[in-house]
Structures are given as structure tokens and as C-alpha cells.
Amino acid sequence: SCRSVIMVRQTATIGAVILRLHRDDEWIEEMLYWLRRFMTNFVHEGTPPPANFFWDNDDDSIHGGGERYRRFVTRTKEIGEAVELVDYVSHSGVQRVMSEGKRPVSLFLD
């Protein structure tokens, strides 16, 4: 019964930002609905989505979403605005992986 999550993200200018996101089960269900629709309608079909594919269409067609999708986007924005800032960690306070020669190591394997 996890009710929130702590997320740490690094920025190009500040260092690390520590955030708390509160869980919203209704939003999670709606996000999964839209993700499934996107996968079914576009990814599995190998069809690129048109511009504003769910936003502009109020009908029940393959691209339809209309008001339900707009409510989902509005709620997503509200959740983003309610994220709690926990703390900042400056660049100098972020531990980095270094090679034996004291050079930064790429975080990517390719």
C-alpha cells in the first residue's frame, strides 16, 4: 500500500532534485487505459499517430478520445503541480562514478 514515491533526478544546472510524488490510483488506471489504446492503435499496427491523435477527436473512432483524454491531461498537469520538493543536492554533493584515472565514466553502456 505504497502511497507515495521519492524520485531523484539530475539536472544540467542545479545538481540533483529530490521530489515526492503522491499516488493517485484513479490516474494510474486512466494512464494504463491510454497507454493500452496507444499500443493497440499505433504501435501494434505499425502506424504513426496523427497530430493531436486523442485530443482532437470526440468520436469513437480509432483516434477518438476527446473529453475523456482532455480530463486525463488536465489531471496529469494537476498531479505535476502538486509534486512536493524535498531537497536539492548541488553538483558537488552528487557522487559520481570515476575511472581509475579519476575521469568520469559514462553512465551508458553503448
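You'll find the structure just up there.
Residues numbered from 1 in each chain as written. Predicted model: local features only at pLDDT ≥ 70, side-chain atom pairs only at ≥ 80, totals over all residues. Heavy atoms only, no water.

Right, let's talk about the sheet that holds strand S1 (residues 4–10) for a bit. Overall, antiparallel pairing links the three strands, which are arranged S1-S2-S3 in an open sheet. Among the strands making up the open sheet, the edge pair consists of S1 and strand S3 (84–90). Between one strand axis and the next, the sheet turns through 20° on average, direction left out of account. As paired elements, strand S2 (residues 15–22) and S3 share six bridges and run antiparallel to each other. Residue pairing across strands places Ala-16 opposite Val-89, the latter belonging to S3. (Pairing = 2+ DSSP bridges. Helix = DSSP H or I, 4+ residues; strand = E, 2+ residues; numbered from the N terminus. Axes fitted to C-alpha atoms, helices over the stretch in contact; angles between N-to-C directions.)

Let us now look at the pairing of S2. Where S1 meets S2, seven bridges bridge the pair, whose relative direction is antiparallel. Across the sheet, the residue bridging to Gln-10 is Ala-16, located in S2.

So, about helix H1 (residues 25–43). Side chains three or four residues apart in an α-helix point the same way, a direct result of the helix having 3.6 residues per turn. Its 19 residues give H1 an end-to-end C-alpha distance of 25 Å, which sits within 8% of 27 Å, the value for a rise of 1.5 Å per residue. Buried residues along H1 sit in contact with helix H2 (66–81). Where H1 begins, the side chain of Asp-24 points an oxygen toward the backbone nitrogen of Glu-26, at a separation of 3.2 Å. (Expected span 1.5 Å × (residues − 1). Contact = heavy atoms within 4.5 Å. Polar contact = N/O pair within 3.5 Å; in protein donor to acceptor, adjacent residues only side chain to side chain.)

Counting five residues, the largest nonpolar core is built from Trp-34, Phe-42, Phe-54, Tyr-69 and Phe-72. Of all elements in the fold, only H1 and H2 reach the threshold of two or more residues within this core. (Core = buried A, V, L, I, M, F, W, Y, C linked by side-chain atoms within 4.5 Å. Buried < 20%, exposed > 50% of the residue type's maximum accessible area, 1.4 Å probe, protein only.)

Okay, the layout of surface pockets next. Empty space within the largest pocket amounts to approximately 220 Å³. Lining of the largest pocket is provided by Cys-2, Ser-4, Val-5, Leu-21, His-22, Arg-23, Asp-24, Trp-27, Ile-28, Thr-76, Ile-79 and Gly-80. Counting residues per element, the ones that place at least two in the lining of the largest pocket are S1, S2, H1 and H2. Here the lining of the largest pocket gets three residues from one element, more than from any other, and that element is H2. Residues of the lining of the largest pocket, tallied by class, amount to six nonpolar, four polar and two charged. Counted as a void, the second largest pocket has a volume near 150 Å³. The wall of the second largest pocket is formed by Asp-24, Glu-26, Trp-27, Glu-30, Arg-68, Arg-71, Phe-72 and Arg-75. Going through the elements one at a time, H1 and H2 are the ones with two or more residues in the lining of the second largest pocket. A total of four residues in the lining of the second largest pocket trace back to one element, the largest contributor, which is H2. Residues belonging to the lining of the second largest pocket are distributed by class as follows: two nonpolar, no polar and six charged. (1 Å grid on protein atoms, 1.4 Å probe; cavity = no way out; pocket = protein on both sides within 12 Å on 5 of 7 lines; lining within 4 Å. Points joined across faces, edges and corners; volume = space filled by probe spheres on them. Nonpolar A, V, L, I, M, F, W, Y, C, P; charged D, E, K, R; others polar.)

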